[in-house]
Amino acid sequence: MKAQFHPGNKLRLLDSGHEYFPALLAAIEAAQREIYLESYIFAADRIGEAVCAALCAAAQRGVTVNVTVDGFGARNFAADFQERLAAAGVRALVFRPELGRFRLKRHRLRRLHRKLAVIDGHLAFVGGINIVDDDNAPPAMRPRYDYAVQIQGPVLVDIHRAARRLWEIVTWVSLRQRFRFAALRYPCCDVAGTQEAAFLVRDNLLNRNSILNAYIAAIHGAREDILIANAYFLPGLRFGRALYAAAQRGVKVTVLLQGKTDHPLLRYATQALYGAALKAGIHIFEYEKSFMHAKVAVIDMDWATVGSSNIDPFSLLLAKEANIVVRDAAFAGALRAHLMAAIAAGARAMCAQDMARQVWPKRFLRWLSYGLVRLLVGIAGYGERHWQAEDQINQDAPPR
């Protein structure tokens, strides 16, 4: 589905949890009618407890509170929070609960990866930040670096509709008929500002490629500058070709990736692409100051996106994702300034010569990781038509 842009919005960029959680908690505490909250992770830490307490207080004062978490990312949610939430009147559901730890099937990879909240139909939050403390990580990876956006204005109609639709689907699948209720009349579509924005989701129904297509259309239209920061970056054939073509026509392409990771397999697989990308003129930086979880991009200082979608096959082909796309110079400029400051303060530039000089065990590890990820994508039911062609990436050959 093509992005439908709405004018008249007011957007606020939120840098990591230290800006996001105070804004989210204040919104929950001010809620009067209804809350939707979706998160991949809902951790039993300082932030999780604070959000749980705020949701319980809202439900106890008569607010309809609907919480949906993922069955894998929040697999301890039932034990940690569900009883307390239910006792307070919060209606909580788990998307695809884990029933077996060792089954590797397509549906097990289809996760609820969205991170969003809608408060009273007039305020929303969309981004990449889970309900987890930025410092809930190994010491060398603290604090977590990520983004979200606070949203008011006409685009809220689409965000509210998506949140309600997911709630209805999970309710139906869970056979929780008592959670059904009549449609509300009040998502607010009043003009709140001057910014133009579209809300995009990725699912397996009408929106299979909506986020991917928005990225590719923006990259194809780029004239000067593309800046992408993405935690898990393993683009498929269409995305890779678009970036290569942009670099070849003189666009400056910069990609900021993780230097410290919680998924080494994906990082090593991504590094298999570095050599060809660097030779094509794409600038690659690894963020080493802390754990980078961002999924954002800025193109030509007038197009930007913030959301939950990584640029890898699991986000772009399997998971439920949500991104806000913005056409506004002020917002794009603010996000770009944040990213450039992060690169200056904590990132290391990758060099083609350094990658080529690495010893064969590291090169073999990159090749092996890339092959394993391709195998997982194949098991999930997706083939070469979605994935990198061998002659496109020129990945490192295994040692002979």
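Before any of the text, the structure's been laid out above.
Here the structure is a predicted model, which means the values were calculated and not measured.

## Some points on the overall build of the protein
Scanning the protein from terminus to terminus reveals 14 helices and 15 strands. Here the protein holds 400 residues, and 57% of them are scored as buried. Look at the contacts in the protein between residues 6 or more apart in sequence, and 81% of them connect residues 24 or more apart. Total accessible area on the protein stands at roughly 17000 Å², and carbon and sulfur atoms take up 55% of it.

## A few points about the side chain of aspartate 70
Examined against the element boundaries, aspartate 70 turns out to sit in strand 3 (residues 64–70). Polar side-chain contacts of aspartate 70 include one of 2.9 Å to the backbone nitrogen of phenylalanine 72. Apart from the residues within four sequence positions on either side, aspartate 70 is in contact with Ser39, Tyr40, Arg75, Val94, Phe95, Arg111 and Leu112.

## Describing the environment of arginine 33
Looking at the element boundaries, arginine 33 is found in the loop between helix 1 (16–30) and strand 2 (34–39). Among the residues examined, arginine 33 registers a relative accessible area of 44% and is labelled partly exposed. Here the alpha-carbon distance between arginine 33 and alanine 58, two residues 25 residues apart in the chain, equals 9.0 Å.

## So, the packing of helix 1 against helix 2 (residues 46–60)
Contact geometry of helix 1 with helix 2 gives a least axis separation of 9 Å together with a crossing angle of 15°. By the angle between their axes, helix 1 is roughly parallel relative to helix 2. Considering only the axes of helix 1 and helix 2, their crossing is left-handed. Facing Phe21, Leu25 and Ile28 of helix 1, the residues of helix 2 in contact are Ile47, Ala50, Val51, Ala54, Leu55 and Ala58. When its residues are assigned to classes, the contact of helix 1 with helix 2 shows nine nonpolar, no polar and no charged.

## What to know about the packing of helix 6 (residues 210–221) against helix 7 (residues 237–248)
Remark: helix 6 packs on helix 7, axes separated minimally by 9 Å, with the N-to-C direction vectors making an angle of 15°. Viewed along their axes, helix 6 and helix 7 adopt a mutual orientation that is roughly parallel. In this structure, helix 6 meets helix 7 at a crossing whose hand is left-handed. Facing Leu212, Asn213, Tyr215, Ile216, Ile219 and His220 of helix 6, the residues of helix 7 in contact are Arg238, Phe239, Ala242, Leu243 and Ala246. The class makeup of the residues in the contact of helix 6 with helix 7 is eight nonpolar, two polar and one charged.

## Quick word on a nonpolar patch on the surface
Taken together, the side chains of Leu265, Leu368, Leu372 and Leu375 present a nonpolar region at the surface, about 310 Å² in accessible area. Looking at the nonpolar patch element by element, the count peaks at three residues for helix 13 (residues 360–379). Locating leucine 265 in the fold gives a position in helix 8 (residues 264–271).

## What to know about helix 7
With twelve residues, helix 7 should reach 16 Å at 1.5 Å per residue; the first-to-last C-alpha distance of 16 Å fits that figure. Among all positions in helix 7, only Leu237, Phe239, Gly240, Ala242, Leu243, Tyr244, Ala246 and Ala247 are buried. Just past helix 7, the residue glycine 250 takes up positive phi, approximately 100°.

## Examining helix 11 (residues 329–346)
Over its 18 residues, helix 11 runs 25 Å from end to end, which matches the ideal 26 Å to within 8%, given 1.5 Å per residue. Those residues of helix 11 lying buried are Phe331, Ala332, Gly333, Leu335, Leu339, Ala342, Ile343 and Gly346.

## Quick notes on the state of the cysteines
Applying the stated criterion to the full structure yields zero disulfides. The structure places no disulfide on cysteine 52, whose sulfur is separated from the nearest cysteine sulfur, that of cysteine 56, by 4.1 Å. Residue classification places cysteine 52 among the buried residues on the basis of a relative accessible area of 2%.

Rules and cut-offs
Residues numbered from 1 in each chain as written. Predicted model: local features only at pLDDT ≥ 70, side-chain atom pairs only at ≥ 80, totals over all residues. Heavy atoms only, no water. Helix = DSSP H or I, 4+ residues; strand = E, 2+ residues; numbered from the N terminus. Buried < 20%, exposed > 50% of the residue type's maximum accessible area, 1.4 Å probe, protein only. Contact = heavy atoms within 4.5 Å. Areas by Shrake-Rupley, 256 points an atom, 1.4 Å probe, with all protein chains shown as cover. Polar contact = N/O pair within 3.5 Å; in protein donor to acceptor, adjacent residues only side chain to side chain. Axes fitted to C-alpha atoms, helices over the stretch in contact; angles between N-to-C directions. Parallel < 35°, antiparallel > 145°, perpendicular 65-115°, else oblique. Left-handed = near helix turned anticlockwise from the far one by under 90°. Nonpolar A, V, L, I, M, F, W, Y, C, P; charged D, E, K, R; others polar. Patch = residues over 30% accessible without salt bridge, like charges linked within 9 Å, V, L, I, M, F, W, Y side chains within 5 Å. Salt bridge = Lys/Arg side-chain N within 4 Å of Asp/Glu carboxyl O. Expected span 1.5 Å × (residues − 1). Disulfide = S-S within 2.5 Å.

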